[in-house]
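# Observations on the three-dimensional arrangement
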Amino acid sequence: MDEKDFPEMIKIIAQNYCVRPWSKNLSPFEVIVSTILSQATERRGNIKAFENLKDKFEMTPESFLQADITELAECIRPAGLHSAKASKLKRLAEVLLHQYEGDLMKILRLPEDEARKELMKLPGVGPKTADVLLNFVAGRDVFPVDTHIIRIARRLGMVGRKASYDEIKKAFERVIPAGERRRVHLALIEFGRNVCRARPRCEACPIFSFCGKLGL
């Protein structure tokens, strides 16, 4: 596929899938908790686990640090890997309180590269979670990459099969205009969930005329 087609394909997807940012009205700590819960799980389980936590606890590092880890894990159960995620959240709360006075913005106000490095030192935070926080909380013009976006990038031939997270991120940032990356990120995830799935629904694909059966 010709690289010059990539911007047009991304534009078509963004026009067909308009998604409201899920982080609206959430605190920075709630955003990081939700993103950690979303790791290796489906959206429905993540939402249920997050709702359980909000019903049971104050959504603050102080509350999570004081919480019984068994109760935390039981709330998180719908998101899968509940014991591991409960442990991550407890350790995250401890680090935030002891090193940053419980204020995640102390990291997010740093210069972008420095903030990303500091975020990735936090328990449960990898490249995707760091970029979600930088974009959705700090308003930085970065492009978070999740499993749906990785699959789309490989299927369209934007990157090779062994491309790293950062290589995929940079491939999208080259073709997505500044200021559009959050909107396109959300659109691509919705497109990946509903159309360009592991078993794709090519008959419903708005860019099938570009894609054909490439990589399927």
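Going by the structure above, here's the rest.
About the criteria used
- Residues numbered from 1 in each chain as written.
- Predicted model: local features only at pLDDT ≥ 70, side-chain atom pairs only at ≥ 80, totals over all residues.
- Heavy atoms only, no water.
- Axes fitted to C-alpha atoms, helices over the stretch in contact; angles between N-to-C directions.
- Helix = DSSP H or I, 4+ residues; strand = E, 2+ residues; numbered from the N terminus.
- Parallel < 35°, antiparallel > 145°, perpendicular 65-115°, else oblique.
- Left-handed = near helix turned anticlockwise from the far one by under 90°.
- Contact = heavy atoms within 4.5 Å.
- Nonpolar A, V, L, I, M, F, W, Y, C, P; charged D, E, K, R; others polar.
- 1 Å grid on protein atoms, 1.4 Å probe; cavity = no way out; pocket = protein on both sides within 12 Å on 5 of 7 lines; lining within 4 Å.
- Points joined across faces, edges and corners; volume = space filled by probe spheres on them.
- Buried < 20%, exposed > 50% of the residue type's maximum accessible area, 1.4 Å probe, protein only.
- Salt bridge = Lys/Arg side-chain N within 4 Å of Asp/Glu carboxyl O.

Axis separation between helix α5 (residues 69–76) and helix α6 (residues 82–100) bottoms out at 8 Å; the angle between their running directions is 125 degrees. Judged by the inter-axis angle, α5 sits oblique to α6. As for how α5 packs across α6, the hand of that crossing is right-handed. Across from Ile69, Leu72, Ala73 and Ile76 in α5, the residues of α6 making contact are His82, Ser83, Lys85, Ala86, Ser87, Leu89 and Lys90. Counted by class, the contact of α5 with α6 contains six nonpolar, three polar and two charged residues.

Space inside the largest pocket adds up to approximately 990 Å³. As for the largest pocket, its lining consists of 31 residues, of which Ser38, Arg43, Asn46, Ile189 and Arg193 are closest to the centre. When residues of the lining of the largest pocket are traced back to their parent elements, those giving at least two are α2 (28–37), α3 (43–56), α9 (127–137), α10 (147–156) and α12 (181–194). Of the residues that constitute the lining of the largest pocket, the class distribution is 12 nonpolar, 10 polar and nine charged.

Before going further, it helps to spend a moment on empty space enclosed by the protein. Scanning the entire structure with this criterion turns up one cavity of 30 Å³ or more. One number sums up the size of the largest cavity: a volume of about 90 Å³. Arg155, Cys196, Cys202, Cys205 and Cys211 are, among the 13 residues lining the largest cavity, the residues nearest its centre. Grouping the constituent residues of the lining of the largest cavity by class yields 11 nonpolar, no polar and two charged.

So, about the side chain of Asn46. Residue position: Asn46 is located in helix α3. Using a relative accessible area of 11% as the deciding quantity, one classes Asn46 as buried. Apart from residues no more than four positions distant in its own chain, Asn46 is found in contact with Ser34, Leu37, Ser38, Thr41 and Ala79.

With that out of the way, let us pick up the pattern of salt bridges. Enumeration over the complete set of coordinates arrives at 15 salt bridges. With its nearest N and O atoms 3.5 Å apart, the salt bridge here joins Lys56 to Glu71. Placement of the pair is Lys56 in helix α3 and Glu71 in helix α5, with a sequence separation of 15 residues. Arg201 serves as the salt-bridge partner of Glu203, at 3.9 Å between the closest nitrogen and oxygen. You can call Arg201 partly exposed: its relative accessible area is 29%. Taken together, the shared-partner salt bridges connect Arg116, Asp131, Asp166 and Lys169 into one network.

When you line up the elements, Asp55 lands in helix α3. Considering only alpha carbons, one finds Asp55 and Gly45, 10 residues apart in sequence, at a separation of 15 Å.

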